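Spelled out from the first residue to the last, the chains are:
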Amino acid sequence: MTTQVLEADSMWLEYSGIKILQNIYIKVQTGQVVGLLGRNGTGKSSLLRMIFGTLRGQNQSVRVDKQYMEYPYQQKGLLRYLPQHHFIPPHLSLRQVCDLYGVSFEEMCLYFPKLKVSEREKIGNLSGGGARLVETLLILLSPVSFVLLDEPFTHLAPVTVDLLKEVIQEQKKQKGIVVSDHAYSHVLDLSDEVYLIVPVGRSILLKDAREELTLYGYTA
Amino acid sequence: MKQRLQLLIIFYKSFWIYTVAISVGAWYALEAPLYADFLRILPAFILIKLVTHALVLYLNHTLYAGQLFFYTNLGISAMRLYVAALGLDLLLFLLFMGLVHLILHSINWLL
């Protein structure tokens, strides 16, 4: 498999003169999980949406294999994004969304056999955790080169989180994965590299993540 | 193409009841004109549709903002979705008008 590299820099975002992001560099390649950490309000979600291409800042540069992408989400088979909140229209069934996203329902069930009974179930009828799991799997198993996961572990039971971490490790063989979550220990377990976003909108590539997180005041 | 149409229908289904009600309501408020009279009011009708469509989409965007990612993940921008939904809405109304004209024409012919 050829390695693809996704890079984002010159990300400059401000609202009403308040700087959110200004000095960012992040790089992820296929076969890698990159963790993105930072306190609330440091702009992690905004950064992910800028990389995805749906949020336009004052300036941004997203490149894949050194080629500039103005709207990365419009490139077929390039990347998908898991937002923090539910995003699947509730009246669609699990089978329908899998078909639309080109994701194998059977593969989903291989990881989580309990989903088999929900094949024709509407997403809106699933529990909060169930819907979140489906959304995360839908993005993670998508036939794309990169996935951006914003808070994938929210609402999930610990046993589900452990299984999901296995899926992420499995999927990274074919994809580049960016994970941002406040459950930082899970992010650290998974990540090959970790970036910390610190005020005001700077990214730092951590060498010894656990130690430096304390140093920068992210953990006690 | 088939998938895009499918996605457009999924999106349109989330608010079609309001836009169809507005179309029929606006036509009725403009005294339900037919034939040449309908063509005369068409610019005003389209203007009403543009304004109300923007309002409906604004509310939809505010209440269900997260759902836009369902479509952008499949490569469709919000703007493209909005414009296509307006096109579909107008097309449905024109088909409705065509049907009304056809029924009236048939009744006149029978009488």
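Our structure's up above, just so we're on the same page.
Values in this document were obtained by computation on a predicted structure and should not be read as measured data.

1. Points about the packing of aromatic side chains
Enumeration over the complete set of coordinates arrives at 16 aromatic pairs over all chains. Aromatic pair Phe45(B) and Phe93(B): ring centres 4.5 Å apart, planes at 20°, arrangement stacked. Pair noted here: Phe45(B) is in helix α3 (residues 35–63) and Phe93(B) is in helix α5 (residues 78–110), with a separation of 48 residues, a long-range link. Across the pair, Phe93(B) and Phe45(B) agree in class, each one buried. Ring geometry for Phe93(B) against Phe96(B): centres 5.7 Å apart, planes inclined by 40°, an arrangement best described as tilted. You can see Phe93(B) and its partner Phe96(B) sitting in helix α5, three residues apart, about one turn around the helix. Between Arg56(A) and the ring centre of Tyr71(A), over which it is positioned, the NZ or CZ distance is 4.7 Å.

2. As for the nonpolar core
Ile51(A) and Phe70(B) are the most contacted members of the largest nonpolar core, which has 96 residues in total. The leading source of residues in this core is helix α4 (residues 128–140) of chain A, at seven residues. What Ile51(A) contacts, discounting residues up to four positions off in sequence, is Leu6(A), Ala8(A), Met11(A), Ile26(A), Val62(A), Pro72(A), Leu79(A) and Leu148(A).

3. Details of the sheet that holds strand β7 (residues 79–82) of chain A
All names here are of chain A. The strand order across the open sheet formed by six strands is β7-β8-β9-β4-β10-β11, and the pairing between neighbours is mixed. Taken across any chain shown, the strands that pair with only one partner, and hence form the sheet edges, are β7 and β11 (202–206). Taken pair by pair, the neighbouring strands of this sheet meet at an average axis angle of 20°, ignoring direction. Here five bridges tie strand β10 (residues 193–198) to β11, and the two strands are oriented antiparallel to one another. Pairing of valine 194 across the sheet is with leucine 206, part of β11. Seen against the sheet, helix α1 (residues 44–52) touches β4 (32–38), β7, β8 (146–150), β9 (176–180) and β10 and runs at an angle of roughly 155° to β7.

4. Brief notes about the interface of chain A and chain B
The interface of chain A with chain B comprises 19 residues on the first partner and 15 residues on the second. For the pair chain A and chain B, the summed buried surface comes to about 1500 Å²; carbon and sulfur atoms form 66% of the total. Taken as a group, Tyr73(A), Leu100(A) and Tyr101(A) account for 36% of the area that chain A buries against chain B, more than any other trio of residues on that side. Linking chain A with chain B are zero salt bridges. Scanning the region where chain A abuts chain B turns up four residue pairs in polar contact (both at pLDDT 80 or more). At the level of secondary structure, the elements contributing two or more residues to the side of chain A that touches chain B comprise α1, β7 and α2 (94–101) of chain A. Looking at the side of chain A that touches chain B, the element that brings in the most residues is α2(A), giving three residues. Taken together, the residues that form the side of chain A that touches chain B break down as 13 nonpolar, four polar and two charged.

5. Points about helix α2 (residues 16–29) of chain B
All names here are of chain B. With 14 residues, α2 should reach 20 Å at 1.5 Å per residue; the first-to-last C-alpha distance of 19 Å fits that figure. By the burial criterion, the buried members of α2 are Thr19, Ser23, Ala26 and Trp27. Along the axis of α2, the buried positions cluster into a sector of 100°, meaning they face one direction only. Exposed positions of α2 whose direction lies more than 90 degrees from the buried face are Tyr18, Tyr28 and Ala29. Of the surrounding secondary structure, the elements contacted by the buried residues of α2 are α1 (2–13), α3 and α5. After α2 finishes, the residue glutamate 31 shows a positive phi value of roughly 70°.

6. A closer look at unusual backbone geometry
Residue and element names in this part refer to chain A. In the segment running from proline 199 into valine 200, the intervening peptide bond is cis, with an omega of -10°. With respect to the helices and strands, valine 200 occurs in the loop between β10 and β11. Even without a glycine there, the phi angle at serine 16 is positive, about 50°. In this structure, serine 16 sits in the loop between β1 (5–15) and β2 (18–21). With a phi close to 70°, histidine 155 is a non-glycine residue in the positive phi region. With respect to the helices and strands, the residue histidine 155 is situated in the loop between β8 and α5 (158–171). In this structure histidine 155 comes out as exposed when scored by relative accessible area, which is 60%.

7. Examining the pairing of β9(A)
Residue and element names in this part refer to chain A. Within β9, five of the five residues are buried, leaving the element largely enclosed by the surrounding structure. The side-chain alternation of β9 yields two buried faces, one formed by Gly176, Val178 and Ser180 and the other by Ile177 and Val179. Of the strand pairs in this sheet, β4 and β9 are connected by five bridges, and their pairing is parallel. Looking across to β9, one finds that leucine 36 is bridged to serine 180. Of the strand pairs in this sheet, β8 and β9 are connected by five bridges, and their pairing is parallel.

Scoring rules and cut-offs
- Residues numbered from 1 in each chain as written.
- Chains lettered and ligands numbered in written order.
- Predicted model: local features only at pLDDT ≥ 70, side-chain atom pairs only at ≥ 80, totals over all residues.
- Heavy atoms only, no water.
- Phe/Tyr/Trp six-rings, centres within 6.5 Å; stacked < 30°, edge-to-face > 60°.
- Helix = DSSP H or I, 4+ residues; strand = E, 2+ residues; numbered from the N terminus.
- Buried < 20%, exposed > 50% of the residue type's maximum accessible area, 1.4 Å probe, protein only.
- Lys NZ or Arg CZ within 6 Å of the ring centre and 35° of its normal.
- Core = buried A, V, L, I, M, F, W, Y, C linked by side-chain atoms within 4.5 Å.
- Contact = heavy atoms within 4.5 Å.
- Pairing = 2+ DSSP bridges.
- Axes fitted to C-alpha atoms, helices over the stretch in contact; angles between N-to-C directions.
- Buried area = accessible area lost by both parts, 1.4 Å probe.
- Salt bridge = Lys/Arg side-chain N within 4 Å of Asp/Glu carboxyl O.
- Polar contact = N/O pair within 3.5 Å; in protein donor to acceptor, adjacent residues only side chain to side chain.
- Nonpolar A, V, L, I, M, F, W, Y, C, P; charged D, E, K, R; others polar.
- Expected span 1.5 Å × (residues − 1).
- Arc of directions from axis to C-beta.

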